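Structural overview for review
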Amino acid sequence: MVENQNKPEIQAAENSQPVLLTSPQKRKWTSYFKEFLMLFLAVFAGFMAENYRDKLTEEAWAKELAINLYEELKADSAIVEIKTENRIKQEKALQELMQYFEDSSLTDVSKKFAINFSYGISFRTPSLFEPRTVILDQLKNSGSLRYFKNRELQKLIGDLSVAIYNINDRQRLETDVRKEYINRLIVLHYDYDFHRMLRKDSGVTHVNAVAEYEASNEIIPFEFKSLEKFDKQGTINALGIYGMNALSSTRSVHFQAYKELNSEILKLLRKEYNIVD
């Protein structure tokens, strides 16, 4: 009885047909090409966007550096003019001192002599030019100079570094000459009573004190000390070396080279980065 009940199920199973799995439809090569193209365009667009962002960043950084360099050079362009004027004044004072030592008495010196002694021999800082190089050093040491795409600007900045080195080197030479020949004159012959009366214990600088004295009708006694130790010809030669071979040469050659380069760089920065004073 059980066999008869299961027989229709067995017969149905025998009569059923097997299920065939169909293979996926074959894709055309154009479909793969489109997918590749879309992927390529997406990657390329990302690459271009990244490059564009980097370019904008570099341009912004270059503009900031250009403005900072411009301000640094502009400030120094004014300072070097002041230092140049001070040197001319100092050189003239030294020339007049040389003439005075040549043919005038030192037992009773004039007001003009005291002023020339102050300007020519006592002064040091007013003639020193120390260019600021904060931005210039940053450009060189960090490799940021590459942000300036103008080749002429890059060359001029390099030339400016050389000019600054030459100025510093020459001023070290001036210091050596001063130590060798000029400081001895101050130690032996300068009147510090005159110096004290000139300054009047005020907060005014020595430069301004001498300028005020020069413009006034006041007479402050100046005694040329240790006259018995005075070497006239040696002193004249020392002042000539210091004035003509040191101060004047540095001013006319190296200061001038710096001023010309400074001016050219400022002009180019204004043009390249639309900087307005």
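Cut-offs applied
Residues numbered from 1 in each chain as written. Predicted model: local features only at pLDDT ≥ 70, side-chain atom pairs only at ≥ 80, totals over all residues. Heavy atoms only, no water. Helix = DSSP H or I, 4+ residues; strand = E, 2+ residues; numbered from the N terminus. Buried < 20%, exposed > 50% of the residue type's maximum accessible area, 1.4 Å probe, protein only. Contact = heavy atoms within 4.5 Å. Areas by Shrake-Rupley, 256 points an atom, 1.4 Å probe, with all protein chains shown as cover. 1 Å grid on protein atoms, 1.4 Å probe; cavity = no way out; pocket = protein on both sides within 12 Å on 5 of 7 lines; lining within 4 Å. Points joined across faces, edges and corners; volume = space filled by probe spheres on them. Nonpolar A, V, L, I, M, F, W, Y, C, P; charged D, E, K, R; others polar. Axes fitted to C-alpha atoms, helices over the stretch in contact; angles between N-to-C directions. Parallel < 35°, antiparallel > 145°, perpendicular 65-115°, else oblique. Left-handed = near helix turned anticlockwise from the far one by under 90°. Patch = residues over 30% accessible without salt bridge, like charges linked within 9 Å, V, L, I, M, F, W, Y side chains within 5 Å. Salt bridge = Lys/Arg side-chain N within 4 Å of Asp/Glu carboxyl O. Polar contact = N/O pair within 3.5 Å; in protein donor to acceptor, adjacent residues only side chain to side chain.

On to the overall build of the protein chain. Of the regular secondary structure elements, the protein chain holds 8 helices and 0 strands. Counting only residues that meet the buried cut, the protein chain has 36% of its 277 residues in that class. Restricting the contact set of the protein chain to residue pairs at least 6 apart, pairs at least 24 apart contribute 84%. Per element, the accessible surface of the protein chain, about 17,800 Å² overall, is 55% carbon and sulfur.

As a further point, take empty space enclosed by the protein. Under the counting rule described, the total for this entry stands at 1 cavity of 30 Å³ or more. Within this model, the largest cavity holds a volume of roughly 50 Å³. If you trace the largest cavity, you find it lined by Glu91, Leu94, Gln95, Met98, Leu239, Gly240, Gly243, Met244 and Ser248. Those elements that provide at least two residues to the lining of the largest cavity are helix 2 (29–103) and helix 8 (232–273). In terms of residues, the lining of the largest cavity owes the most to one element, helix 8, which gives 5 residues. Among the residues making up the lining of the largest cavity, the classes are represented as 4 nonpolar, 4 polar and 1 charged.

Relative orientation of the contacting elements helix 3 (residues 111–122) and helix 5 (residues 151–189) amounts to 150 degrees, with a least axis distance of 11 Å. Taken together, the axes of helix 3 and helix 5 lie roughly antiparallel to each other. The interaxial crossing formed by helix 3 with helix 5 has left-handed handedness. Taking contact as the criterion, the partners of Phe117, Ile121 and Ser122 in helix 3 are, on helix 5, Arg178, Ile182, Leu185 and Ile186.

What follows covers the environment of Ile241. If you trace the backbone, Ile241 turns up in helix 8. Once the C-alpha coordinates of Ile241 and Ile182 are considered, the two residues, 59 residues apart in sequence, prove to be 10.0 Å apart. Dropping the residues within four chain positions of it, Ile241 is found in contact with Val177 and Ala246.

Okay, a nonpolar patch on the surface next. Nonpolar side chains collect at one region of the surface, where Phe36, Leu37 and Phe40 lie side by side and expose about 300 Å² of accessible area between them. Take Leu37: it is sitting in helix 2.

Moving on to the pattern of salt bridges. Enumeration over the complete set of coordinates arrives at 12 salt bridges. Taking the shortest distance from any N to any O, the salt bridge between Glu81 and Lys259 comes out at 3.8 Å. Of this pair, Glu81 sits in helix 2 while Lys259 sits in helix 8, and the two are 178 residues apart along the sequence. The salt bridge partner of Arg124 is Glu174, with a shortest N-O separation of 3.6 Å. Pair noted here: Arg124 is in the loop between helix 3 and helix 4 (134–141) and Glu174 is in helix 5, with a separation of 50 residues, a long-range link. We classify Arg124 as buried; its relative accessible area is 16%. It is possible to trace a salt-bridge network through shared partners that takes in Arg87, Arg124 and Glu174.

Turning to the environment of Glu72, a few remarks are in order. Here Glu72 lies in helix 2. Sequence separation between Glu72 and Ile135 is 63 residues, and the spatial gap between their C-alpha atoms is 7.5 Å. Aside from chain neighbours lying at most four places away, what touches Glu72 is Arg132, Thr133, Val134, Ile135 and Leu136. At 3.1 Å, the side chain of Glu72 forms a polar contact with the backbone nitrogen of Ile135.

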